[in-house]
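Fold and geometry: a report
What follows is the residue order along each chain.
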Amino acid sequence: MHVLLVDDEQEFVSTLAERLAFRGIEADWVTDGEKALEKIRSRQYDVAVLDIKMPGISGIKLGEKIHELNPKQKIIFCTGHGSSADYDAGAAQSGKEYYLAKPIKIDILIEKMKEIQN
Amino acid sequence: MNINWDTAGPEGLTFFGGITASISHELNNALAIINENSGLLEDFVLMAKQGMDIDPAKLLTLSSRISSQVQRTETIVGNLNRFAHSVNSAAGKRVNIGPLLKLAAALTARIVAAHEVTVEVNDADQEIELETSPFLFLNLIGRCLEYAAPMTDDEKKITLSWQQRADKIIISLAGLSLTESCSFPGSEGEKAILSALGGTISADSENHARLLTMPAEPRAATKQKTNDKTTY
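Residues numbered from 1 in each chain as written. Chains lettered and ligands numbered in written order. Predicted model: local features only at pLDDT ≥ 70, side-chain atom pairs only at ≥ 80, totals over all residues. Heavy atoms only, no water.

1. Here's the deal with the overall build of chain A
The helix and strand tally for chain A stands at five helices and five strands. Relative to its 118 residues, chain A shows a buried fraction of 50%. Of the contacts made within chain A by residues no fewer than 6 positions apart, 60% connect residues no fewer than 24 positions apart. Taken as a whole, chain A presents about 5,600 Å² of accessible surface, with 45% of it coming from carbon and sulfur. (Helix = DSSP H or I, 4+ residues; strand = E, 2+ residues; numbered from the N terminus. Buried < 20%, exposed > 50% of the residue type's maximum accessible area, 1.4 Å probe, protein only. Contact = heavy atoms within 4.5 Å. Areas by Shrake-Rupley, 256 points an atom, 1.4 Å probe, with all protein chains shown as cover.)

2. Brief notes about helix α2 (residues 56-85) of chain B
Its 30 residues give α2 of chain B an end-to-end C-alpha distance of 44 Å, which sits within 8% of 44 Å, the value for a rise of 1.5 Å per residue. All of the buried residues along α2 of chain B are Leu 62, Ile 66, Gln 69, Arg 72, Thr 73, Ile 76, Asn 79 and Phe 83 of chain B. (Expected span 1.5 Å × (residues − 1).)

3. Focus: the pattern of salt bridges
Opposite charge on two side chains lets them pair, provided their charged atoms get close. Tallied over the entire structure, the rule returns 18 salt bridges over all chains. Arg 110 of chain B is the partner of Glu 26 of chain B in a salt bridge, and the nearest nitrogen-oxygen pair spans 3.3 Å. With Glu 26 of chain B in helix α1 (residues 10-49) and Arg 110 of chain B in helix α4 (residues 109-113), this pair connects stretches of sequence that are 84 residues apart. Note that Glu 155 of chain B and Lys 157 of chain B form a salt bridge whose closest N and O atoms lie 3.8 Å from each other. Members of the salt-bridge network, linked through shared partners, are Glu 9 of chain A together with Glu 26, Arg 72 and Arg 110 of chain B. (Salt bridge = Lys/Arg side-chain N within 4 Å of Asp/Glu carboxyl O.)

4. Some words on the domain arrangement of chain B
Residues and elements named next belong to chain B. Structurally, chain B comprises domain 1 (5-86) and domain 2 (91-224). In this assembly, 17 residues from domain 1 lie in contact with 22 residues from domain 2. When the two sides are added together, the surface that domain 1 and domain 2 hide from each other amounts to roughly 1,600 Å², 66% of it contributed by carbon and sulfur. Ranking the residues of domain 1 by area buried against domain 2 places Glu 11, Phe 15 and Ser 86 at the top, with a combined share of 33%. At the boundary of domain 1 with domain 2, the tally comes to two salt bridges. Looking at the side of domain 1 that touches domain 2, the elements with two or more residues in it are α1 and α2. For the side of domain 1 that touches domain 2, the element with the most residues is α1, which contributes ten residues. Its residues placed into classes, the side of domain 1 that touches domain 2 shows seven nonpolar, seven polar and three charged. (Domains from an automatic or database assignment. Buried area = accessible area lost by both parts, 1.4 Å probe. Nonpolar A, V, L, I, M, F, W, Y, C, P; charged D, E, K, R; others polar.)

5. Points about the interface of chain A and chain B
You'll often see interface size given as the accessible area lost when the parts meet. Listed per partner, the contact involves 21 residues of chain A and 23 residues of chain B. Between chain A and chain B, roughly 2,000 Å² of surface is buried when both sides are summed, and carbon and sulfur atoms account for 51% of that area. Per-residue buried area on chain A facing chain B is highest for Glu 9, Glu 11 and Arg 19 of chain A; these three make up 26% of the total on that side. On inspection of chain A and its partner chain B, the count reaches five salt bridges. One salt bridge in this structure joins Arg 19 of chain A and Asp 43 of chain B, with 3.4 Å as the shortest N-O distance. Where chain A touches chain B, the interface holds eleven residue pairs in polar contact (both at pLDDT 80 or more). Top contributing element to the side of chain A that touches chain B by residue count: helix α1 (residues 10-22) of chain A, with seven residues. Across the side of chain A that touches chain B, the residue classes break down as six nonpolar, six polar and nine charged. (Polar contact = N/O pair within 3.5 Å; in protein donor to acceptor, adjacent residues only side chain to side chain.)

6. Notes on helix α3 (residues 59-69) of chain A
Residue and element names in this part refer to chain A. Those residues of α3 not exposed but buried are Gly 59, Leu 62, Gly 63 and Ile 66. Projected down its long axis, α3 carries its buried residues within an arc of 105 degrees, all on one side. In this structure, the buried side of α3 is in contact with β1 (2-6), α2 (33-42), β3 (47-51) and β4 (74-79). (Arc of directions from axis to C-beta.)

7. Some points on the packing of α2 of chain B against helix α3 (residues 97-107) of chain B
Residues and elements named next belong to chain B. Put simply, α2 and α3 touch, their axes get as near as 10 Å, and they point 115 degrees apart. Relative to α3, the element α2 lies roughly perpendicular. As α2 runs across α3, the sense of the crossing is left-handed. Only Pro 99, Leu 103, Ala 106 and Leu 107 of α3 make contact with α2, whose side of the interface consists of Asn 79, Arg 82 and Phe 83. The class makeup of the residues in the contact of α2 with α3 is five nonpolar, one polar and one charged. (Axes fitted to C-alpha atoms, helices over the stretch in contact; angles between N-to-C directions. Parallel < 35°, antiparallel > 145°, perpendicular 65-115°, else oblique. Left-handed = near helix turned anticlockwise from the far one by under 90°.)

8. Looking at the pairing of strand β5 (residues 168-174) of chain B
Looking along a regular strand, one sees side chains alternate from face to face of the sheet. Residue and element names in this part refer to chain B. Most of β5 sits out of view: six of its seven residues are buried. Looking at chain direction, strand β4 (residues 157-165) and β5 are connected through seven bridges and run antiparallel. Its bridge partner lying in β5, Ser 161 is registered against Ser 172. Following β4, the chain reverses through two residues before pairing antiparallel with β5; Ala 166 in that reversal takes a positive phi of roughly 55 degrees. With seven bridges connecting them, β5 and strand β7 (residues 209-215) associate as antiparallel partners. In the sheet register, Ile 171 faces β7, and the bridge partner there is Leu 212. (Pairing = 2+ DSSP bridges.)

Structure below.
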């Protein structure tokens, strides 16, 4: 599996990529929406994992732009929302089924990645 | 007008909620980094158990990253605590304006970052004390920064500075493109806060700034100050 990770917290996204690599998942990472679009234009990813709250292009907006480029791109959204109340409100607003709260449990992320692929 | 923490009405509570939600988001981001680094440490331990050589320098780097995020978290929690205590002396107290502006900038950092904007507080400015309601003052500066964020020039940086001129304290938000009209204060709550603190907003075209001018001495209604020794 080859995935793209997008989050403005570089230390988070680079470390997550390293951990995924240990589990046999190749992960490219970038820290903003513009770079993410460049990556999406340059190659095919099985799954894109997008942080919702980022400076500039938000994750939700980025998801829409990615789908303009590739309507079939599978996307998982993640967020630092602080509680289940925040999480529920965010999920409802985004209308996204694949939505994970930070801190992310890596096994659950991988499970979601496999689920969304199928 | 009698100043208290509820002078802004429901909008004051909305501001409090918005800031605390933003801070919880910031805390979760720091926790997420700690979680990934501790997870990677666990991965290395498992690899070591399987006989793989692990570079101690790599382990030290991960440990150092965790410490750094713990420090970040301590700073965020400290700011949250100071913000929470800002309602303690709503009727007014003497505060040093610099630290209070720094707190306002820290509390709204993530909100203005949505516009790719940063806030710098000018440390070189003189130490000035002001008698004010800390909660309403933070509320006012926070709202000004939120309004200013989409109005910045190409540098995308708002510089907060302050000075005293006669009986006025002038707080400058510089780095703004003044081609856009300023709609602050817009809501009833914003007007109530500005009025309660005796403030006015004006433009400084020469320095590309908006100026918030406030009385250096409290108005009659604000003179019920407390002896709260909290520092900002």
